[in-house]
Amino acid sequence: MVLYTTPFPHSCLSALHAVSWALIFPCYWLLDRLLALFIPDPCQKSQLLCVLLFMPIYLGLLVTSLPFAFLGFLFWCPLQCSRRPYVYSRLEDKSSAGGAALLSEWKGTGPGKSFCFATANICLLPDSLARLNNVFNTQARAREIGHRIRNGASRPQIKIYIDSPTNTSISAASFSSLVSPQGDGTARAVPGSIKRTASVEYKGNSGRPPSDEAANGPASGDSVDCGSLENACIVRIGGGGGDEGGRHPEAEDPAPGGQARNGAGGGPRGQTPNHSQRDGDSGSLGSPSASRESLVKARAGPDGGSGEPAAACGKAPHKASVVKKPAARRRRHPDEAFDHEISAFFPANVDFLCLQEVFDKRAASTLKDQLHGYFEYIVYDVGIYGCQGCCCCRGGCCFKCLNSGLFFASRYPIMDVAYHCYPNGRGSDSLASKGALFLKVQVGSTPQDQRIVGYITCTHLHALEDDSAIRCEQLDMLLEWLADFRKSTSSSSTANPEELVAFDIVCGDLNFDNCSSDDKLEQQHSLFTRYKDPCRLGPGEEKPWAIGTLLDTDGLHDEDVSTPENLQNKSPGACQKGRKDMLKGNGRRIDYMLYAEEGLCPDWKAEVEEFSFITQLSGLTDHLPVAMRLMVSSGDEEA
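All values reported here derive from a predicted model rather than from experimental measurement.

Draft legend 1. Structural detail: the packing of helix H1 (residues 11-36) against helix H2 (residues 47-79). Close contact between H1 and H2 brings their axes to 6 Å; oriented N to C, the two are set at 155°. Taken together, the axes of H1 and H2 lie roughly antiparallel to each other. Like other packed secondary-structure pairs, H1 and H2 cross with a definite hand, here left-handed.

Structure follows, in structure tokens:
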């Protein structure tokens, strides 16, 4: 399949579209600014003065621009019939972290391969509409969101292994003292007063086992040995307690001759080569508190371990990425054989990113430019405009003012893309071309030159609360379209398989939760029999650690939730939005990450390694992003 790198098939159509949009844009911008005046902004000290001062100016200019906008609209509208449903962008990276290099890392045999997926609704609407959700300045937010995602994803992957049999908990203070960067970016010696032995692993993609020296570690107070992101970094904390010299089976080998670098200053260490630091980045690894902020604070159980507290309304355990020795690990439920946490950062080494509500075209372009510092392949401006190819019913509008808002970024090559618009939108939702984006990516190849591929579906369902039937119809269409997409893009046959499917993911904002009684119809949909939800026990029943992802817009900018760390430490039920009085659990979890256990390559198995609720975008959107790390293993590994 040919991927579309421009919105129109011919350059003359692109030029005509650019001219028509140039005539429309002044009117569009002035109308947006005029409407935004009447929605309060807490940053403006005198709202009334702004209205009285700017309303006559905007109104006069708006009236002046109307004839030009009408002329541009006469050209713009028929051009949408020739517009392609998405734009594909690739910023080629020839380094060791580029997509072509990543394909050579996994051959489908031996050790399995983990892939990290993230999804978020980031509310990049025109500013006047975004203010209804208590978020402001769409263009500035797009830049900041791109900065935070890039810096969170490009940080080293940190795992902490506890070797002490007597004290299996680590306090927040201990976390912050593990690696504290100095001004020159070197690591400071760990205080000798810590009475436990632990390893902090900056895990990259090398996949090499550790050497004996790295596993056992030097004596307390010795320097830290680590390398770049592609290599492992082991920090050993000596102490009087614990099992000295314990070796964790999952530890990996650091490259020799490395040096600890937690900051971005002084070179690209701590980042992959295509993750260059840019001015104005927030949440950067160069911050003195980066190592503290990137670790989730643990809440120890009654026995001093990391046991999970019992589930309660408005309470959820905050579990750090602390991996004990296998014999000491305790799980409350057989399905909880993976780590789960509320994290102040996006997971390290995010491979695939799915975003919703990237409606504003300028914001989408800004976000694309920011994320290209980490993701080589991006699909954006997804959807249709005008009356092109998407009929509506049930009182909906046939004219689409906004695109689908879907956005996809990948570190691995994209092979095929398809988009479908839901035809049954109603009310205000019908003004946007909400739909489903289907993608096929290549993640490796076997020694026999068979491609290893994965399927990812990103969607945004109907939003109006009382329209459960519409959402169920959209889920039916999604499953049907996905089956057709897999069939049309597969080049394999049972007798001669040319492709091996490693994973099948469905994610996005589904606009229903698993606790509200009003959403019972969606909770029982067949989607959840074909795809597994790591946070769900069954219809209407969540796992005790799962929390809501829809935040209360009225309190987005309160001091106690306005930073990633504050929101991370906030009691989940206190800052999340419920529905009426019938909601049980910890808030409305409407952002989903689902994976298939069937339909993959025979003898291959996909298992969740880690699931995260992410607070890094606090103050920038009214949703919590979620992420999942999936381990795909073959039968050869088990043998």
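After that view of the structure, there is still more to cover.
Draft legend 2. Region of the structure containing the sheet that holds strand E12 (residues 414-421). Read across the sheet, five strands follow the order E12-E13-E14-E15-E18 without closing on themselves; strand pairing throughout is mixed. Both outer strands of the open sheet, E12 and strand E18 (591-595), are each paired with one neighbouring strand and no more. In this sheet, adjacent strand axes meet at a mean angle of 15° when their direction is disregarded. Contacting E12, strand E13 (435-445), strand E14 (451-460) and strand E15 (499-509), helix H10 (residues 468-489) runs over the sheet at an angle of about 35° to E13.

Draft legend 3. Just the pattern of salt bridges, in detail. Under the definition given, this model contains 20 salt bridges. With a shortest N-O distance of 2.8 Å, Lys 113 and Glu 105 are connected by a salt bridge. Under the relative-accessibility criterion, Lys 113 is labelled buried at 12%. For Glu 105, a relative accessible area of 31% translates into the label partly exposed. Between Arg 411 and Asp 351 there is a salt bridge, with the nearest N and O atoms lying 3.1 Å from each other. With a gap of 60 residues between them, Arg 411 in the loop between strand E11 (407-410) and E12 and Asp 351 in the loop between strand E8 (339-343) and strand E9 (352-358) connect regions that are remote in the sequence. There is no split in this pair, since Arg 411 and Asp 351 are both buried. Among the charged side chains, a network of salt bridges with common partners joins Arg 33, Asp 127 and Arg 131.

Draft legend 4. Summary view of the nonpolar core. Counting residues in each nonpolar core, the largest one holds 89 residues, and the members touching the most others are Phe 117, Phe 352, Val 379, Phe 408, Ile 414, Val 443 and Phe 503. Once you skip the residues sitting within four places of it in the chain, Val 443 turns out to touch Leu 102, Leu 103, Trp 106, Phe 115, Phe 352, Tyr 412, Ile 452, Val 453, Ala 502 and Phe 503. Counting residues in hydrophobic clusters, the runner-up holds 29 residues, among them Ile 122, Phe 346, Ile 378 and Tyr 380.

Draft legend 5. Fine view of the UniProt feature "transmembrane region" (unreviewed entry) in the protein chain. Taken from the UniProt record, the annotation "transmembrane region" (unreviewed entry) applies to residues 20-39 and 51-76. Secondary structure content for residues 20-39 is 85% helix and 0% strand, while the C-alpha to C-alpha distance between its ends is 30 Å.

Draft legend 6. Just the pairing of E18, in detail. Within E18, five of the five residues are buried, which leaves the element mostly enclosed by the surrounding structure. Alternating positions in E18 separate into two faces, Asp 591, Met 593 and Tyr 595 on one and Tyr 592 and Leu 594 on the other, with burial throughout. As paired elements, E15 and E18 share five bridges and run antiparallel to each other. Looking at the pairing, Cys 507 lines up with Met 593 of E18.

Draft legend 7. Focus on the confidence of the model for the protein chain. Mean pLDDT over the protein chain stands at 74; residues scoring 70 or higher make up 65%. In the model, residues 238-333 has pLDDT below 50 throughout and makes 266 contacts with residues more than four positions away in sequence or in other chains.

Draft legend 8. Structural view of the environment of Arg 84. Note that Arg 84 resides in the loop between H2 and strand E1 (87-90). C-alpha of Arg 84 to C-alpha of Pro 7: the two residues are 77 residues apart in sequence and 5.1 Å apart in space.

Draft legend 9. Spatial organisation of the environment of Ala 409. Take Ala 409: it is sitting in strand E11. Residue classification places Ala 409 among the buried positions, given a relative accessible area of 0%. Along the chain, Ala 409 and Val 350 lie 59 residues apart, while their C-alpha atoms are 9.9 Å from each other. What Ala 409 contacts, discounting residues up to four positions off in sequence, is Asp 351, Phe 352, Leu 353, Phe 375, Tyr 377 and Ile 378.

Draft legend 10. Summary view of the packing of aromatic side chains. Enumeration over the complete set of coordinates arrives at 30 aromatic pairs. Three or more aromatic residues link up through ring pairs in this structure, and these residues are Trp 106, Phe 115, Phe 117, Phe 352, Phe 408, Tyr 412, Phe 503 and Trp 604. Lying across the ring of Trp 21, Lys 361 places its NZ or CZ 5.5 Å from the centre. Above the ring of Phe 528, the side-chain terminus of Arg 536 is found at 4.1 Å from the ring centroid.

Conventions and cut-offs
Residues numbered from 1 in each chain as written. Predicted model: local features only at pLDDT ≥ 70, side-chain atom pairs only at ≥ 80, totals over all residues. Heavy atoms only, no water. Axes fitted to C-alpha atoms, helices over the stretch in contact; angles between N-to-C directions. Helix = DSSP H or I, 4+ residues; strand = E, 2+ residues; numbered from the N terminus. Parallel < 35°, antiparallel > 145°, perpendicular 65-115°, else oblique. Left-handed = near helix turned anticlockwise from the far one by under 90°. Pairing = 2+ DSSP bridges. Contact = heavy atoms within 4.5 Å. Salt bridge = Lys/Arg side-chain N within 4 Å of Asp/Glu carboxyl O. Buried < 20%, exposed > 50% of the residue type's maximum accessible area, 1.4 Å probe, protein only. Core = buried A, V, L, I, M, F, W, Y, C linked by side-chain atoms within 4.5 Å. UniProt positions renumbered as here; feature names shortened; annotations may be inferred. pLDDT = per-residue confidence, 0-100. Phe/Tyr/Trp six-rings, centres within 6.5 Å; stacked < 30°, edge-to-face > 60°. Lys NZ or Arg CZ within 6 Å of the ring centre and 35° of its normal.

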